[in-house]
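If you want the building blocks of each chain, they are given just below.
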Amino acid sequence: MDIKVNIEGLALDAGAIEKKRADASKSLDRLWSGSEDMTGWVQAPINVNEQELEFILNAADVVKHEADLFVVVGIGGSYLGAKAAIEALPKTESGTPVRFFGTNFCTDYYREVIAEMKSKKPILCVISKSGNTTEIRAAFDTLKPVMEEKYGSREEAAKRILAVTDEKDGSLRKEADENGYTTMVIPKNIGGRYSALTPAGLLPMAVSGIDIRELLGGAKDMATSPDWDDHGTDYAIARHLMQKQGKTMEVIAMCHSRLGYLGEWIKQLYGESEGKNGQGLWPATLTYSTDLHSMGQYIQQGRQNFFETVVSVDDPQYTITIPEGTLEGKTIEELNRAMTRGVINAHRGAGIPVAEIHIPKLDAYYYGQLLYFLETTCAVTAMLDGVNPFDQPGVEAYKAEMRKLLGI
Ligand code: PA5
């Protein structure tokens, strides 16, 4: 376990943490038992299906050779895992630009993407486990005719459409089989927000040039790390205890500009998994130092209903030295470190509890470790809170209202 978490700055009582260890360990056992619903992600990194992985890599190669644009239609868990990784990670080989679509009902964005598709050689990928999400139906049904017009016929378009969905069920599966799209499977026992390491996340990542074998290797090493037995669940326990102390919000601050979308992924993971039965921490994500010049004031002196988790990358991999002026001779990383440490000191000085997460280096291997760590942390916190981390009954309410308004 190379991802380091320091919860000392939360000033929690050591005895209180110790008391929760047995419950946390029971939660881990439940996750690993294989008998709980929607826990397929837990053992997935250690049971990687080599044939399936080759299929993803081959499909990605075809896209890389044949297309100059990969349009991915997906929302929530069927988009954020890939988007966050593509924003965060260096590309180890050249890839095809990935454009995500279907994440809103914005006409301007529709026009922009349709125009881009018309001017390029696109391959279209639709990712939806259920196959009936309204955003996805609208987006896919709008873009299919664009593909048909572009490539001359329904059959030619179908050769350039991929569908990532359930193995058997749902309208997208039916449509994909009828039209002969290339398909990949999101396993039934893995929910959207836990699907970053399934084809839903891996295919777009591979198309963009990310080394997905390394990523899965990192997740596997995290899954099998012996550290879980000692302190792997400390952050999960701490998050649970901070709520007990009355904190209602966790401010997760990224001290690296490429981690902004990881914050969006975390918001979905934590928010959708934990916000139930009147419980859960509101996950608010910020990027430092940018947001210190906007939200920094609130953090320092506003309502103290939150604790903070500062996420930083230890090795920047590149060195840039400021050549002149008052900061001459200092490296940008030196400034970033000073900013990070300065902010932690200032916030602790104001009485804010601050935890730290350190990523050794921003590459696919450590990123894989981080994803697995955060997924497990989230599931354990939710179980300690007594809520089901894997359902989202509340999301249905707006969908039902929307369907009523549309008469569908
Ligand atoms: O985590 C979840 O289950 C959700 O966020 C889904 O991923 C999201 O609603 C998209 O669903 P689907 O893949 O069925 O289109």
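In this text, all values refer to a predicted model and were calculated from it rather than measured experimentally.

(A) Main features of the site of the ligand. As a structural note, the neighbourhood of the ligand is formed by 13 residues, with S78, S128, S130, T133 and Q268 the closest of them. One of the backbone nitrogen or oxygen atoms of K129 is found 2.8 Å away from an oxygen atom of the ligand. About the coverage of the ligand: the protein hides 88% of its 380 Å² of free accessible area. Here the residues of the shell around the ligand are counted per class, giving one nonpolar, nine polar and three charged.

(B) Layout of the side chain of E175. Along the chain, E175 turns up in helix 8 (residues 171-179). Excluding anything up to four places from it in sequence, E175 contacts R137, F140, K144 and Y181.

(C) Quick look at helix 8. Those residues of helix 8 that sit buried are L172, R173, E175 and A176. In an axial view of helix 8, the angular spread of the buried residues amounts to 165°, which keeps them on one side of the axis. Those residues of helix 8 that are exposed and angled more than 90 degrees off the buried face are K174 and E178. The inward-facing, buried residues of helix 8 contact strand 4 (122-127), helix 6 (134-151), strand 5 (161-165) and strand 6 (182-185). Phi turns positive, to about 75°, at G180, one or two residues after helix 8.

(D) Examining the packing of helix 4 (residues 80-88) against helix 12 (residues 260-274) more closely. At a minimum axis separation of 8 Å, helix 4 and helix 12 run at an interaxial angle of 155°. If you check the angle between helix 4 and helix 12, you find them roughly antiparallel. When you trace helix 4 past helix 12, the crossing you get is left-handed. Two secondary-structure elements touch here, helix 4 through L80, G81, K83, A84 and E87 and helix 12 through Y261, L262, E264, W265 and Q268. Here the contact of helix 4 with helix 12 is built from residues that sort into five nonpolar, two polar and three charged.

(E) Structural context of the sheet that holds strand 3 (residues 98-101). Strand order in the open sheet made by the five strands is 3-2-4-5-6, with parallel pairing throughout. Looking at strand neighbours, the two that pair on one side only are strand 3 and strand 6, the edges of this open sheet. Averaged over all adjacent pairs, the angle separating strand axes in this sheet is 20°, with direction ignored. Of the strand pairs in this sheet, strand 4 and strand 5 are connected by four bridges, and their pairing is parallel. Paired with C125 across the two strands is L162, which belongs to strand 5. Lying over the sheet, helix 3 (residues 50-66) contacts strand 2 (69-73), strand 4, strand 5 and strand 6, oriented at roughly 140° with respect to strand 6.

(F) Geometry of the pairing of strand 9 (residues 306-315). Summarising burial for strand 9: eight of the ten residues are buried, a large majority. Bridge count between strand 7 (residues 249-254) and strand 9: six bridges; the pairing is parallel. Across the sheet, residue V251 finds its bridge partner in strand 9, namely E308. Here strand 9 pairs with strand 10 (residues 354-361) via seven bridges, running parallel. Of the residues in strand 10, the one forming a bridge with D315 is K361. The β-α-β motif built from strand 9, the intervening helix 14 (residues 332-349) and the parallel element strand 10 has right-handed crossover chirality.

(G) Inspection of the domain arrangement of the protein at higher detail. Taken domain by domain, the protein comprises domain 1 (4-33 + 225-385) and domain 2 (44-212). On a C-alpha basis, the centres of domain 1 and domain 2 stand 30 Å from each other. Each partner contributes residues to the interface: domain 1 has 21 residues there, and domain 2 has 20 residues. Summed over both partners, the interface of domain 1 with domain 2 buries about 1,700 Å², with 66% contributed by carbon and sulfur atoms.

The rules behind the values
- Residues numbered from 1 in each chain as written.
- Predicted model: local features only at pLDDT ≥ 70, side-chain atom pairs only at ≥ 80, totals over all residues.
- Heavy atoms only, no water.
- Near = heavy atom within 4 Å.
- Polar contact = N/O pair within 3.5 Å; in protein donor to acceptor, adjacent residues only side chain to side chain.
- Areas by Shrake-Rupley, 256 points an atom, 1.4 Å probe, with all protein chains shown as cover.
- Nonpolar A, V, L, I, M, F, W, Y, C, P; charged D, E, K, R; others polar.
- Helix = DSSP H or I, 4+ residues; strand = E, 2+ residues; numbered from the N terminus.
- Contact = heavy atoms within 4.5 Å.
- Buried < 20%, exposed > 50% of the residue type's maximum accessible area, 1.4 Å probe, protein only.
- Arc of directions from axis to C-beta.
- Axes fitted to C-alpha atoms, helices over the stretch in contact; angles between N-to-C directions.
- Parallel < 35°, antiparallel > 145°, perpendicular 65-115°, else oblique.
- Left-handed = near helix turned anticlockwise from the far one by under 90°.
- Pairing = 2+ DSSP bridges.
- Right-handed = clockwise from strand over helix to strand, strands pointing away.
- Domains from an automatic or database assignment.
- Buried area = accessible area lost by both parts, 1.4 Å probe.

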